[in-house]
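Architecture and fold: a report
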Amino acid sequence: MLFQDAPANTTTYMIAGYAVIFGVMLIYLISLYLRQRNLNQDLEVLEELDEPE
Amino acid sequence: MQTKPRLLTVLDIVTVVMLLAATWMVFFYAPTEAVMGDVQRVFYFHVAAGWVGMLSFLVAAVAGVIYLIRGDRKWDTVGLSAVEIGIVFAFINIVTGSIWARPIWNTWWTWDPRLTTATVMELIYLAYLMLRQGIEDPDRRARFGAVYAIVGFLSVPLTFFSARLFRTIHPVVIGANAPGAEGQFDMTPLMLQTFLFSLLTFTFIFVDLLWHRIRVGRLADKVEQLRLKTIQ
């Protein structure tokens, strides 16, 4: 890279890097959402069971 | 059903807008680096993700200290939430670093002091989750988790300073590069602005995610308590 007159063509690596960044963040967000939804469902069921008849 | 605080909704919106703005700056505002080309743009979010990882582990250690002093389980939830987020962002940091290294160092991975300490740090916090899984008693789990988070935090300054203390090829942003560092570059004002804005954006992402994760943790505690009450 010492005598190059134009930047190296590394666009593919940049795309891969940002795919990882946004992909991992999205997976984590989905996992948070799913956990919250499942816990809310569990809470509703348990509250129904806990109510005095 | 939990009600979502209005401030959290505002924080969600601000965080998304900031992430969009930071992404725009990375791709369209910051100039292309003269030698490395486009892959240098990975640097902005790579460093920001590393920052969030280390910040998370710091928060977990502080939460651990407060838990040991007060014995309030909510600090255990804060610690666990911070560690989980830290693991996610440290993972992003390591993988994006590896992707950047391929065209710049001509290798996906090398056992350089910085890469090694970052990996060890990630493994230490993965072990924190495994440790918690192995303890059933909630108070004992919280106590062990707190002590582990405090001791495990030693890996964070070691990772941060590894590129400054040891002979390494990993470039540093703050301070002088080691003689053998490869891939360093001089930041232009536009690059610096993009970098600083990315750090700020990721800090907002951390606070936002931490708040959401703590809410999930509290909900899990509530469900657990109700489940035990129903069984009895």
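The notes below deal with the structure included here. (Residues numbered from 1 in each chain as written. Chains lettered and ligands numbered in written order. Predicted model: local features only at pLDDT ≥ 70, side-chain atom pairs only at ≥ 80, totals over all residues. Heavy atoms only, no water.)

Quick word on the packing of aromatic side chains
What counts is decided by this rule: Under the pairing criterion, centres of Phe, Tyr and Trp rings, with the six-membered ring standing for Trp, must be within 6.5 Å; the plane angle then separates stacked pairs below 30 degrees from edge-to-face pairs above 60, leaving the rest tilted. Put simply, DSSP marks the helices as runs of H or I at least four residues long and the strands as runs of E at least two long, and each gets a number from the N terminus on. Whether a residue is buried, partly exposed or exposed follows from its accessible area with a 1.4 Å probe, protein chains only, as a fraction of its type maximum: under 20%, in between, or over 50%, in that order. Only when the NZ of Lys or the CZ of Arg is both within 6 Å of the ring centre and within 35 degrees of the ring normal is a charge said to sit over the ring.
A complete count under the given rule lists 15 aromatic pairs over all chains for this structure. Geometrically, the ring pair formed by A:Tyr18 and A:Phe22 is tilted, given 6.2 Å between the ring centres and 35° between the ring planes. A residue pair is termed a helical-turn pair when its members lie 3 or 4 positions apart in one helix, as A:Tyr18 and A:Phe22 do in helix α1 (residues 11-50) at 4 residues. Looking at A:Tyr18, the relative accessible area reads 5%, which means it is buried. A relative accessible area of 31% places A:Phe22 in the partly exposed class. An aromatic cluster is defined as three or more aromatic residues linked by ring pairs; in this entry it consists of A:Tyr18, A:Phe22, B:Phe27, B:Phe45, B:Phe89 and B:Phe202. Of note, B:Arg164 hangs over the ring of B:Phe160, and the distance from its end group to the ring centre comes to 4.3 Å.

Here's the deal with the interface of chain A and chain B
Quick reminder of the rule: In this description, contact between two residues means that some pair of their heavy atoms is separated by no more than 4.5 Å. Buried area is calculated as the accessible area (1.4 Å probe) missing from two parts once they are joined, with the contributions of both summed. The salt bridge definition used is simple: a Lys or Arg side-chain nitrogen within 4 Å of an Asp or Glu carboxyl oxygen. Residues adjacent in sequence count toward polar contacts only when both atoms are side-chain atoms; beyond that, a polar contact is any pair of N or O atoms within 3.5 Å, and within protein one must be able to donate a hydrogen and the other to accept it. When residues are sorted by character, Ala, Val, Leu, Ile, Met, Phe, Trp, Tyr, Cys and Pro go into the nonpolar class, Asp, Glu, Lys and Arg into the charged class, and all the rest, Gly among them, into the polar class.
Of the residues lining the interface, 31 residues belong to chain A; the matching set on chain B comes to 46 residues. Together chain A and chain B conceal approximately 3,400 Å² of surface at their shared face, both sides included; 75% is due to carbon and sulfur atoms. Its largest share of buried area at the contact with chain B, chain A owes to A:Tyr13, A:Tyr18 and A:Tyr28, together 19% of the area lost on that side. Between chain A and chain B we count 3 salt bridges in total. The partner of B:Lys229 in a salt bridge is A:Asp50, and the shortest N-O contact between them spans 3.1 Å. The tally of links from chain A across to chain B stands at 10 residue pairs in polar contact (both at pLDDT 80 or more). Partitioned by chemical class, the residues of the side of chain A that touches chain B number 20 nonpolar, 6 polar and 5 charged.

With respect to the side chain of B:Thr168
Residues and elements named next belong to chain B. Looking at the secondary structure, you find Thr168 in the loop between α6 (155-165) and α7 (189-231). What makes Thr168 buried here is its relative accessible area of 3%. Only 2.9 Å separates the side chain of Thr168 from the backbone nitrogen of His170, close enough to count as a polar contact.

So, empty space enclosed by the protein
Residues and elements named next belong to chain B. Let me state the cut-off plainly: Every definition here rests on a 1 Å grid over the protein atoms only: cavities are sets of points where a 1.4 Å probe fits but cannot get out, pockets are open sets enclosed by protein on both sides within 12 Å along at least five of seven lines, and lining residues have some atom within 4 Å of a point. Grid points are joined across faces, edges and corners, and a volume is the space filled by probe spheres set on the points.
In this structure the tally under the stated criterion is 1 cavity of 30 Å³ or more. Ala60, Ala63, Gly64, Tyr67, Trp75, Asp76, Gly79, Tyr128, Ala142, Gly145, Ala146 and Ala149 together form the lining of the largest cavity. Put simply, the parts of the chain that give the lining of the largest cavity at least two residues each are α2 (42-70), α3 (73-105) and α5 (138-152). Grouping the amino acids of the lining of the largest cavity by side-chain chemistry returns 8 nonpolar, 3 polar and 1 charged.

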